[in-house]
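Examining the three-dimensional arrangement
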Amino acid sequence: FDERIVGLTGDQAAVDAMVKAYRAYARKAPTKDGDYTMEHTSFVYLMDKGGRFVGSFNLARPPADAAAKLAKYL
């Protein structure tokens, strides 16, 4: 991952509170070999300069559509 990406950490209660606050989804999913993987929300949150949520950003959209949406917030 890029070094600018910050992962969420803390005790389980703090992580659960953050997942709820951002209306996200996260679940530990066991694999057949006894290990696990994580199922989780996979979009980017758009935040304004004050750190307030302004919208979500779908990474699957065409680049021109993404650029147009981002331009609204610059």
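Notes on the structure in this doc start here. In this text, all values refer to a predicted model and were calculated from it rather than measured experimentally.

Thresholds, definitions, all that
- Residues numbered from 1 in each chain as written.
- Predicted model: local features only at pLDDT ≥ 70, side-chain atom pairs only at ≥ 80, totals over all residues.
- Heavy atoms only, no water.
- Salt bridge = Lys/Arg side-chain N within 4 Å of Asp/Glu carboxyl O.
- Helix = DSSP H or I, 4+ residues; strand = E, 2+ residues; numbered from the N terminus.
- Buried < 20%, exposed > 50% of the residue type's maximum accessible area, 1.4 Å probe, protein only.
- Phe/Tyr/Trp six-rings, centres within 6.5 Å; stacked < 30°, edge-to-face > 60°.
- Lys NZ or Arg CZ within 6 Å of the ring centre and 35° of its normal.

Here we look at the pattern of salt bridges
Note that side chains of opposite charge can pair when their charged atoms are close. In the structure shown here, the tally under the stated rule is 2 salt bridges. Linking Glu 39 and Arg 27 is a salt bridge whose minimum nitrogen-to-oxygen distance equals 3.2 Å. One end of the pair, Glu 39, is in strand β2 (residues 36–40); the other, Arg 27, is in strand β1 (residues 26–30), and 12 residues separate them in sequence. By relative accessible area, which is 33% here, Glu 39 ends up partly exposed.

Side note on the packing of aromatic side chains
This structure, assessed with the given rule, holds 2 aromatic pairs. Pairing Tyr 22 with Tyr 45 gives two aromatic rings, centres 5.1 Å apart and planes at 75 degrees, and the pair type is edge-to-face. Highlighted residues: Tyr 22 in the loop between α1 (12–21) and β1 and Tyr 45 in strand β3 (residues 44–47), separated in sequence by 23 residues. Assessed through its relative accessible area of 34%, Tyr 22 is described here as partly exposed. By relative accessible area, Tyr 45 is classed as partly exposed at 23%. Taken together, the aromatic side chains of Tyr 22, Tyr 45 and Phe 53 make up a single cluster linked through ring pairs. Sitting above the plane of the Tyr 36 ring, Lys 28 keeps its charged end 4.2 Å from the centroid.

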